[in-house]
Amino acid sequence: DAGITQSPRHKVTETGTPVTLRCHQTENHRYMYWYRQDPGHGLRLIHYSYGVKDTDKGEVSDGYSVSRSKTEDFLLTLESATSSQTSVYFCAISDGFGDQPQHFGDGTRLSIL
Amino acid sequence: AQSVTQLDSQVPVFEEAPVELRCNYSSSVSVYLFWYVQYPNQGLQLLLKYLSGSTLVESINGFEAEFNKSQTSFHLRKPSVHISDTAEYFCAVSSNNRKLIWGLGTSLAVNP
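Since we're looking at a predicted model, the values are computed, not measured. (Residues numbered from 1 in each chain as written. Chains lettered and ligands numbered in written order. Predicted model: local features only at pLDDT ≥ 70, side-chain atom pairs only at ≥ 80, totals over all residues. Heavy atoms only, no water.)

1. A few points about the environment of A:Arg30
Residue and element names in this part refer to chain A. Threshold: Where helices and strands are cited, they refer to DSSP runs of H or I of at least four residues and of E of at least two residues respectively, numbered from the N terminus. By definition, residues are in contact when any of their heavy atoms lie within 4.5 Å.
Along the chain, the position of Arg30 falls in the loop between strand S3 (19-25) and strand S4 (31-38). Sequence separation between Arg30 and Phe97 is 67 residues; the distance between their C-alpha atoms is 8.8 Å. Filtering out sequence-adjacent residues up to four positions away, Arg30 remains in contact with Ser49, Tyr50, Gly51, Arg68, Ser94 and Asp95.

Here's what the structure looks like:
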């Protein structure tokens, strides 16, 4: 299995608080992604990174920011959490952009009350 | 815009029966195609991929998918399913080396 670690695995927090999720990889892959998974919506891309300090928005980026200061770490921050951001968040990595498969972490279940 | 359609949101099937999970995409250019499987409370795992070459691709656990360019389809099949195949299956497509586009998933329920 690809070496991808997401932390925390579960988190419960309150509306309005900042939240940071971490994705750590040991594969030295160039590309990293953050998705959210919700019933009826499948997987939706939040942000992705194509190198250190190089990031771009996905289809549901509002309310989220990311940072990648090292190849192995990709952070997702909810600046002021809202109940609509309750979801399961997945990190993925890949060696190429569209021509290589993505490998996924085990997910973070985030509940915002 | 490119899109991926998984034609069945749920597929119930009895153990040892054959199954087909359908995936259609909208693209007329060269594509890369993927099937992923997600077991309960886990992340997605790559099941199989088509990048080039033979249009029939196989996985190690008995699934296969066929790339049909004329019908823009990449249906997933297994001749005899097991209880352990119960999971969510996702089809994903990339064209012109752009971002992956995901289907909404098909929930396969294998009953004894």
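2. A few points about the state of the cysteines
To be explicit about the condition: Here, the term disulfide refers to a pair of cysteine sulfur atoms separated by no more than 2.5 Å. Buried, partly exposed and exposed residues are distinguished by accessible area as a fraction of the type maximum, computed with a 1.4 Å probe on protein chains only: under 20%, between the cut-offs, and over 50%, respectively.
Applying the stated criterion to the full structure yields 2 disulfides over all chains. Residue A:Cys23 pairs covalently with A:Cys91 via a disulfide, S to S 1.9 Å. Disulfide A:Cys23 to A:Cys91: torsion about the S-S bond roughly -70°, handedness left-handed. Residue A:Cys23 is located in strand S3, and its partner A:Cys91 is located in strand S9 (residues 87-94); the two are separated by 68 residues in the primary sequence. When its relative accessible area of 0% is taken as the criterion, A:Cys91 is described as buried. Disulfide pairing places B:Cys23 opposite B:Cys91 at an S-S distance of 2.0 Å. Disulfide B:Cys23-B:Cys91: the torsion about the S-S bond is -65°, which places it as left-handed. One end of the pair, B:Cys23, is in strand S4 (residues 23-25); the other, B:Cys91, is in strand S10 (residues 87-95), and 68 residues separate them in sequence. Each of the two residues, B:Cys23 as well as B:Cys91, counts as buried.

3. Notes on the interface of chain A and chain B
Just so we agree on the cut-off: Buried area: the sum, over both parts, of the accessible surface (1.4 Å probe) that disappears when the two are put together. One side-chain nitrogen of Lys or Arg within 4 Å of one carboxyl oxygen of Asp or Glu is enough to make a salt bridge. By the criterion applied in these results, polar contacts are pairs of N or O atoms within 3.5 Å in which, for protein atoms, one can donate a hydrogen and the other can accept it, and in which residues neighboring in sequence qualify only through two side-chain atoms.
Facing the 20 residues of chain A at the interface are 19 residues of chain B. Interface of chain A and chain B: buried area, both sides summed, is about 1,600 Å²; carbon and sulfur atoms make up 59% of it. Viewed at the interface, chain B and chain A are joined by 0 salt bridges. Connecting chain A to chain B are 4 residue pairs in polar contact (both at pLDDT 80 or more). The element that contributes the greatest number of residues to the side of chain A that touches chain B is strand S5 (residues 42-51) of chain A, accounting for 4 residues.

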